[in-house]
Amino acid sequence: MLCAARISREQDRPMSHAHKPIPATARRSPALSGSMRVPGDKSISHRAMMFGGLARGLTRVAGLLEGEDVLRTRDAMIAFGAKIEKRDGAWLIHGVGNGCLLEPAGPLDFGNAGTGSRLTMGLAGVYAMKTTFIGDASLQSRPMKRVLDPLRLMGVEVDASTGDRMPLTLRGPRQATPIVYRVPMASAQVKSAVLLAGLNTPGVTTVIEPVMTRDHTEKMLAGFGAGLEIDTDAAGARHIHVHGHGDLTGQDIEVPGDPSSAAFPLVAALIVPGSDVTIDNVLMNPTRTGLIQTLREMGGRIELVNRRGAGGEDVADVRVRHSDLRGVTVPAERAPSMIDEYPVLAVAASFADGETRMLGLDELRVKESDRLAAVARGLEENGVDCAEGKDWLSVRGRPDGKGLGGGAVATHLDHRIAMSFLVMGLAAEKPVTVDDSTMIATSFPEFMGLMAGLGAEID
Ligand code: S3P
């Protein structure tokens, strides 16, 4: 398309990595009660910013998660030429048009955000321009090869001095080559990066996904008008085809509540005796509901009330009451639908009767921290009987919380480790301290206030 817009650029904000840890402590709390709303889904919020910034015309987003990670994606889209402002509670995004991203004037700082950076590598990497990606210590340690490999096949040059890790610079070819790419691990980020690269590539780019992961990219791209077809082969693998150089047009988006954030008050209510909590407007996309399924199998009293459709997704209000939990085996196939929820599931398992075995956890090793190790160390530190294997975790719980707690948990710049162990402290006999709570703002800035509103004692 013609890139007539060539909109004048807004400010490129320099960002610092200065980070002063702020510890937090959670104490055994009285019954939690009340209702709350968690912020918008992080995956959908990143994509709303990104696709809105890319599409021609106006995208209006309500319910956006205003966490640090998503704001980094906003800043990146501004650096690519989009105009983005917040007015009357909604975000207004004037996109540049597919194929019309501008070369950023400086490095894009993604902070802690794996999703923002990896998806943007796909989105911008195939453009005949230079894009540099930087991030915090956690992001710099995360593997980017999984995204860079398919981009190289499409003709992208990668300049990384640190073994396919950030900081790195991408230079796209004059014209990218369409590929058929089978994603080697269960990763929605890798799938999405290749599909987004396909938007600025002639012909059809195909991603084969043997194990289904969250499908927000496919759903939302189709909503923006991208040419996209999905079929399933005899072995059950999804083949997602995207047509390059199509026209994307601005949309109205309502972001539902993030089930990965709802997971924290949900588990808190299950383990704190007497609790009765309702979390309103939570996304119920089946690629995201593995935790609820598992907790119900454990005996969790979780009711989905007022199920409804909103903006092309299913949502519900989730009522949770304190429950007597029992250990279960969580099969490996379920991991993609609850991949971000294992830390807090391990906390629920610490209060369950018997053993909970969690299998197929290899991807947990490459999250914001090595989450499998971080969880196991945190559990040990708080007196929980657990065992860790290469790709599994087993936890033996104590339903009354007796003897649990009293530990100091190393969070390794990982928001979900911090929130999970603060939840543990609400039901453990002794308080639980985390060494840093600042990273919680990457995905759930309102966590402390909302939990306090339910009666949680965290300071
Ligand atoms: C995400 C995909 C998942 C998930 C992350 C968000 C996404 O990562 O852990 O929090 O929005 O696509 P992987 O693709 O690495 O599994």
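Residues numbered from 1 in each chain as written. Predicted model: local features only at pLDDT ≥ 70, side-chain atom pairs only at ≥ 80, totals over all residues. Heavy atoms only, no water.

### Let's talk about the sheet that holds strand E11 (residues 204-209)
Line of reasoning, step 1. One open sheet accounts for 4 strands, arranged E10-E11-E13-E12; its pairing is mixed. Each edge of the open sheet carries a strand with a single partner, namely strand E10 (180-182) and strand E12 (228-232). This sheet shows a mean twist of 15 degrees between the axes of neighbouring strands, independent of strand direction.
Line of reasoning, step 2. By the bridge criterion, 3 bridges tie E10 to E11 in an arrangement that is parallel. Paired with Val180 across the bridge in E11 is Thr206.
Line of reasoning, step 3. With respect to the sheet, helix H7 (residues 216-223) is in contact with E11, E12 and strand E13 (238-243), its orientation differing from that of E12 by roughly 140 degrees. (Pairing = 2+ DSSP bridges. Helix = DSSP H or I, 4+ residues; strand = E, 2+ residues; numbered from the N terminus. Axes fitted to C-alpha atoms, helices over the stretch in contact; angles between N-to-C directions. Contact = heavy atoms within 4.5 Å.)

### Here we look at the packing of helix H8 (residues 259-271) against helix H9 (residues 290-297)
A packed helix pair is summarised by two numbers, namely the angle formed by the two axes and the spacing between the axes.
Line of reasoning, step 1. At their nearest, the axes of H8 and H9 sit 11 Å apart, and the two run at 10 degrees to each other. Judged by the angle between their axes, H8 and H9 are roughly parallel. On H9, the residues touching Ala263, Leu266, Val267 and Leu270 of H8 are Leu291, Ile292 and Leu295.
Line of reasoning, step 2. Taken together, the residues that form the contact of H8 with H9 break down as 7 nonpolar, no polar and no charged. (Parallel < 35°, antiparallel > 145°, perpendicular 65-115°, else oblique. Nonpolar A, V, L, I, M, F, W, Y, C, P; charged D, E, K, R; others polar.)

### Remarks on empty space enclosed by the protein
Line of reasoning, step 1. Scanning the entire structure with this criterion turns up 1 cavity of 30 Å³ or more.
Line of reasoning, step 2. Every residue lining the largest cavity is listed: Pro259, Ala262, Ala263, Leu266, Val282, Arg288, Thr289, Leu291, Ile292 and Glu341.
Line of reasoning, step 3. Among the secondary structure elements, those contributing two or more residues to the lining of the largest cavity are H8 and H9.
Line of reasoning, step 4. In the lining of the largest cavity, the residues fall into 7 nonpolar, 1 polar and 2 charged. (1 Å grid on protein atoms, 1.4 Å probe; cavity = no way out; pocket = protein on both sides within 12 Å on 5 of 7 lines; lining within 4 Å. Points joined across faces, edges and corners; volume = space filled by probe spheres on them.)

### So, the domain arrangement of the protein chain
Line of reasoning, step 1. When cut into domains, the protein chain gives domain 1 (42-253) and domain 2 (256-458).
Line of reasoning, step 2. In this structure, domain 1 and domain 2 have C-alpha centres spaced 29 Å apart.
Line of reasoning, step 3. If you look at the interface, domain 1 gives 24 residues, while domain 2 gives 23 residues.
Line of reasoning, step 4. For the pair domain 1 and domain 2, the two sides together bury roughly 2,000 Å², of which 49% comes from carbon and sulfur. (Domains from an automatic or database assignment. Buried area = accessible area lost by both parts, 1.4 Å probe.)

### Re the site of the ligand
Line of reasoning, step 1. Surveying the vicinity of the ligand reveals the residues Ser43, Arg47, Thr115, Ala186, Ser187, Ala188, Gln189, Arg214, Ile339, Asp340 and Lys367.
Line of reasoning, step 2. Within the side chain of Asp340, one N or O atom sits 2.7 Å away from an oxygen atom of the ligand.
Line of reasoning, step 3. At 2.7 Å, a side-chain N or O of Lys367 approaches an oxygen atom of the ligand.
Line of reasoning, step 4. Protein coverage of the free-state accessible area of the ligand, which is 380 Å², stands at 95%.
Line of reasoning, step 5. A majority-of-atoms criterion places the ligand in the largest pocket.
Line of reasoning, step 6. Taken together, the residues of the shell around the ligand break down into 3 nonpolar, 4 polar and 4 charged. (Near = heavy atom within 4 Å. Polar contact = N/O pair within 3.5 Å; in protein donor to acceptor, adjacent residues only side chain to side chain. Areas by Shrake-Rupley, 256 points an atom, 1.4 Å probe, with all protein chains shown as cover. Sits in = over half its atoms within 2 Å of the grid points.)

### Focus: the packing of helix H1 (residues 42-54) against helix H2 (residues 68-79)
Line of reasoning, step 1. Packing of H1 against H2 brings their axes to within 9 Å, and their N-to-C directions diverge by 10 degrees. When the axes of H1 and H2 are compared, the pair comes out roughly parallel. Every residue of H2 that contacts H1 at Lys42, Ser45, His46, Met49, Met50, Gly53 and Leu54 is listed here: Asp69, Val70, Thr73, Arg74 and Met77.
Line of reasoning, step 2. Its residues assigned to classes, the contact of H1 with H2 comprises 5 nonpolar, 4 polar and 3 charged.

### Some thoughts on the sheet that holds strand E3 (residues 57-62)
Line of reasoning, step 1. Across the sheet, which stays open at both edges, the 4 strands sit in the order E4-E5-E3-E14 with mixed pairing between neighbours. Two strands in the sheet have a free side with no partner beyond their single neighbour: strand E4 (83-87) and strand E14 (252-254). Between one strand and the next, the sheet's axes are offset by a mean angle of 20 degrees, whatever the strand orientation.
Line of reasoning, step 2. Where E4 lies against strand E5 (residues 90-95), 5 bridges are found, and the strand directions are antiparallel. Residue Ile84 lies in a different strand from E5, and its bridge partner there is Ile93.
Line of reasoning, step 3. Contacting E3, E4, E5 and E14, H1 runs over the sheet at an angle of about 35 degrees to E5.

### A few points about the nonpolar core
Line of reasoning, step 1. Judged by nonpolar contacts, the single largest core of 75 residues is most densely connected at Leu295, Tyr342, Met358, Leu379 and Leu393.
Line of reasoning, step 2. It is H8 that contributes the most residues to this core, 9 residues altogether.
Line of reasoning, step 3. Excluding residues within four positions of it along the chain, Tyr342 makes contact with Val330, Arg334, Ala335, Met358, Leu359, Leu361 and Leu364. (Core = buried A, V, L, I, M, F, W, Y, C linked by side-chain atoms within 4.5 Å. Buried < 20%, exposed > 50% of the residue type's maximum accessible area, 1.4 Å probe, protein only.)

### Things to note about the pairing of E13
Line of reasoning, step 1. Counting buried residues along E13, 5 of its 6 residues qualify, which places the element largely inside the surrounding structure.
Line of reasoning, step 2. Direction of pairing for E11 relative to E13: antiparallel, over a ladder of 6 bridges. The residue bridging Val204 from the neighbouring strand is His243, located in E13.
Line of reasoning, step 3. Bridging between E12 and E13 involves 5 bridges; their strand directions are antiparallel. Paired with Thr232 across the bridge in E13 is Arg238.
Line of reasoning, step 4. Hairpin connection between E12 and E13: a loop of 5 residues separates the two successive antiparallel strands, and Gly236 in this loop has a positive phi of roughly 90 degrees.

### Focus: unusual backbone geometry
Line of reasoning, step 1. Backbone torsion omega between Met166 and Pro167 reads 5 degrees, so that peptide bond is classified as cis.
Line of reasoning, step 2. Relative to the assigned elements, Pro167 resides in the loop between strand E8 (157-160) and strand E9 (168-171).
Line of reasoning, step 3. Positioned with a positive phi, Asp164 is a non-glycine residue whose angle comes to about 55 degrees.
Line of reasoning, step 4. With respect to the helices and strands, Asp164 occurs in the loop between E8 and E9.
Line of reasoning, step 5. The backbone of Leu413 sits at a positive phi, close to 60 degrees, despite the residue not being glycine.

### Some points on the side chain of Arg288
Line of reasoning, step 1. Topologically, Arg288 is positioned in the loop between strand E15 (276-283) and H9.
Line of reasoning, step 2. Side chain to side chain, Arg288 and Ser260 meet in a polar contact 3.2 Å long.
Line of reasoning, step 3. Dropping the residues within four chain positions of it, Arg288 is found in contact with Asp41, Ser43, Arg214, His216, Asp258, Pro259, Ser260, Leu283, Ser337 and Glu341.

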